[in-house]
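Residue-level structure breakdown
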Amino acid sequence: LMEIADIFVLNKADYENAAQFEEQLLSVLQLAPPRDGWTPKIVRTIATEDKGIAELARAIQLFREAQSDPGIRRVREAEYWKNWLIRAIQQRTIDDIAESNSAGQRLKEMASAVASRKKDPYAAADELYSKLGRERRSEPA
């Protein structure tokens, strides 16, 4: 999994391999679908000669305009909070297992079974998850 930038700045674009690097980067970017209607831009600059700076400023402005759409912002915020909630649930699940003596013991047993090749890790995880869920449902509220 790789996070793709919104704008790539190829500084020192006067170096001999800059064009080749840009082509390789374009090839990689073609594999990623546009995100929120935005296709990452590549801007070549030579900062020491003040070349490409205006093009970079324009690319940044275009990105800001594209991201200022309220619909896109709502989608991004909802996605952010969805991922935040998932991480919080994961952490609480881990905390529940760590605080439960019986779950901790089962975790050790399953880890041993996986290590000795008696159980595959996915089946062990499914079994632990299922048992934890049953325990939680049977606990008084």
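Let me begin by describing the structure that accompanies this report. (Residues numbered from 1 in each chain as written. Predicted model: local features only at pLDDT ≥ 70, side-chain atom pairs only at ≥ 80, totals over all residues. Heavy atoms only, no water.)

1. Details of the overall build of the protein
In terms of helices and strands, the protein carries five helices and two strands. Put simply, the protein runs from its N terminus to its C terminus through helices and strands in the order β-α-β-α-α-α-α. Over its C-alpha trace the protein gives a radius of gyration of 25 Å, far above what one expects of a compact globule, namely 14 Å for 141 residues. Going through the 141 residues of the protein one by one, you find that 21% of them count as buried. Roughly 11,100 Å² of accessible area belongs to the protein as shown, and the carbon and sulfur atoms make up 56% of that amount. (Helix = DSSP H or I, 4+ residues; strand = E, 2+ residues; numbered from the N terminus. Rg over C-alpha atoms; globule rule 2.2 N^0.38 Å. Buried < 20%, exposed > 50% of the residue type's maximum accessible area, 1.4 Å probe, protein only. Areas by Shrake-Rupley, 256 points an atom, 1.4 Å probe, with all protein chains shown as cover.)

2. Some details on the side chain of Gln 67
On the secondary structure map, Gln 67 appears in helix H2 (residues 53-67). Once you skip the residues sitting within four places of it in the chain, Gln 67 turns out to touch Asp 36, Trp 38, Ile 72, Arg 73 and Arg 76. (Contact = heavy atoms within 4.5 Å.)

3. Examining H2
The terminal C-alpha atoms of H2, which comprises 15 residues, lie 21 Å apart, in line with the 21 Å expected from a rise of 1.5 Å per residue. The set of residues buried in H2 consists of Leu 56, Ala 59, Phe 63 and Gln 67. Along the axis of H2, the buried positions cluster into a sector of 65°, meaning they face one direction only. In H2, those exposed residues whose orientation departs by more than 90 degrees from the buried face are Ala 54 and Arg 64. Looking at the buried residues of H2, the elements they touch are strand E1 (7-10), strand E2 (41-44) and helix H3 (70-99). (Expected span 1.5 Å × (residues − 1). Arc of directions from axis to C-beta.)

4. Quick look at the pairing of E2
Relative to E2, E1 is paired through four bridges, and the arrangement is parallel. Residue Phe 8 lies in a different strand from E2, and its bridge partner there is Ile 42. With helix H1 (residues 18-31) bridging E1 and the parallel E2, this β-α-β connection has right-handed handedness. (Pairing = 2+ DSSP bridges. Right-handed = clockwise from strand over helix to strand, strands pointing away.)

5. Topic: the environment of Gly 52
In this structure, Gly 52 sits in the loop between E2 and H2. For the pair Gly 52 and Ala 115, spaced 63 residues apart in sequence, the C-alpha separation works out to 56 Å. Excluding its chain neighbours within four sequence positions, the residues that come into contact with Gly 52 are Val 43, Arg 44 and Thr 45.

Function-wise, these values are silent; they only describe arrangement.
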